[in-house]
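# Structural overview for review
Residue-level listing of the chains:
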Amino acid sequence: MFDFIRKNFLWQALDAGYNNHLQKTISYQLKTVQDLAIFHQLKHAKKLKVAEVGGGNSRILPFLAKHNRCFNIDGFEGKNAGPNGPVEIKGVENIVAYLGKDSSQIKSSSFDTVFSISVVEHIALEELPEFHREIVRILKPGGTFFHAIDMYIGNKPETNNLQKMAAYRSFLSTETGIEPIVTLSEVEPCFTTDMASNPDNILHGWTLY
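What comes next concerns the included structure. (Residues numbered from 1 in each chain as written. Predicted model: local features only at pLDDT ≥ 70, side-chain atom pairs only at ≥ 80, totals over all residues. Heavy atoms only, no water.)

So, about the pairing of strand 4 (residues 111-117). Burial runs high along strand 4: six of the seven residues are buried. Strand direction decides the pairing type here: strand 1 (residues 49-53) and strand 4, joined by four bridges, are parallel. Bridge pairing in strand 4 links Ala51 to Val114. In the classification by handedness, the crossover that spans strand 4, the intervening helix 4 (residues 128-138) and the parallel strand 5 (residues 139-148) is right-handed. (Buried < 20%, exposed > 50% of the residue type's maximum accessible area, 1.4 Å probe, protein only. Helix = DSSP H or I, 4+ residues; strand = E, 2+ residues; numbered from the N terminus. Pairing = 2+ DSSP bridges. Right-handed = clockwise from strand over helix to strand, strands pointing away.)

Next comes the structure, spelled out in structure tokens:
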């Protein structure tokens, strides 16, 4: 699976009451949509070892911790508006580390599932291969990972977004031995009206790089 989250999914998720299972709510923005997308993938997970990368004050782990052994892998240094210090979540173990930089303390083949929300876009393109290698290293054979990634897009593909898409897509290839859950989408990074997105006032406040 490699695609943008669509409004049709959002409406279905809201109709299904997914948001009622998440203990912590935030004002509607892209993270809300991403939470629902990750929840959709993991809502039936039971008796698994699950890790969220860069979870901070996680909105997903409290739900998953009811039926799984959960970990929050985060540096807890306040980066990108995250918490400045470890966050205690019932049933969740903290691993104070940044995946790919200082995560050697995490044993290989440790987790059934690894996921992140609004994390991957903050990783420099040249650091992505190491980050992805660490994802694979800490996953058990046959494990799965999910990343919900922010992307600021316009009405035509831009060079920097094409580079990001290529970098993300290259990890899901026969050379890496990683298989997508469904057939890869060939979608280009340009906005269409069926895409779920931030409201305009939130977009206006974003810092562009």
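Let us now look at the pattern of salt bridges. With the rule as written, the count across this model stands at six salt bridges. We note a salt bridge from Arg6 to Asp3, for which the minimum N-O separation is 3.0 Å. For Arg59, the salt bridge goes to Asp35, with nearest N and O atoms at 2.5 Å. Of this pair, Arg59 sits in the loop between strand 1 and helix 3 (61-64) while Asp35 sits in helix 2 (residues 30-42), and the two are 24 residues apart along the sequence. There is no split in this pair, since Arg59 and Asp35 are both buried. A cluster of three or more residues bridged by salt bridges with shared partners is formed by Asp3, Arg6 and Asp194. (Salt bridge = Lys/Arg side-chain N within 4 Å of Asp/Glu carboxyl O.)

On to the side chain of Glu52, then. In this fold, Glu52 is placed in strand 1. Arg59 provides the closest opposite charge to the buried, salt-bridge-free Glu52, at an N-O distance of 6.1 Å. Separated by 2.6 Å, the side chains of Glu52 and Ser58 make a polar contact. Ignoring sequence-local partners within four residues, the contact set of Glu52 consists of Ser58, Leu61, Phe71, Asn72, Ile73, Phe115 and Ile117. (Lys, Arg positive; Asp, Glu negative; His and termini not counted. Polar contact = N/O pair within 3.5 Å; in protein donor to acceptor, adjacent residues only side chain to side chain. Contact = heavy atoms within 4.5 Å.)

What follows concerns the sheet that holds strand 1. Note on sheets: strands pair through backbone hydrogen bonds, and any given pair is parallel or antiparallel. Judged by pairing direction, the sheet is parallel, and its five strands sit side by side in the order 3-2-1-4-5 without closing on themselves. Two strands close off the open sheet at either side, each with one partner strand: strand 3 (92-96) and strand 5. Along the sheet, successive strands turn relative to each other by an average axial angle of 20°, direction set aside. Note that strand 2 (residues 69-74) and strand 3 share five bridges and pair parallel. The residue bridging Asp74 from the neighbouring strand is Val96, located in strand 3. Together, strand 4 and strand 5 form the strand contacts of helix 2, whose direction differs from that of strand 4 by roughly 165°. Of the strands in this sheet, strand 1, strand 2, strand 4 and strand 5 touch helix 4, which is tilted by about 135° from strand 5. (Axes fitted to C-alpha atoms, helices over the stretch in contact; angles between N-to-C directions.)

Here we take up the side chain of Glu121. By secondary structure assignment, the location of Glu121 is in the loop between strand 4 and helix 4. As a buried residue without a salt bridge, Glu121 has its nearest oppositely charged side chain in Lys31, at a separation of 5.8 Å. Among the polar contacts listed, one links the side chain of Glu121 to the backbone nitrogen of Asp150, at a separation of 3.2 Å. Apart from residues no more than four positions distant in its own chain, Glu121 is found in contact with Ala148, Ile149, Asp150 and Tyr168.

The axes of two packed helices give the description: the angle between them and the distance between them. For the pair helix 1 (residues 7-15) and helix 2, interaxial distance at closest approach is 10 Å and the crossing angle is 70°. Put simply, helix 1 runs roughly perpendicular to helix 2. Each of Phe9, Leu10, Ala13 and Leu14 in helix 1 lies in contact with helix 2, whose residues at this interface are Val33, Leu36, Ala37 and His40. Tallied by class, residues from the contact of helix 1 with helix 2 come to seven nonpolar, one polar and no charged. (Parallel < 35°, antiparallel > 145°, perpendicular 65-115°, else oblique. Nonpolar A, V, L, I, M, F, W, Y, C, P; charged D, E, K, R; others polar.)

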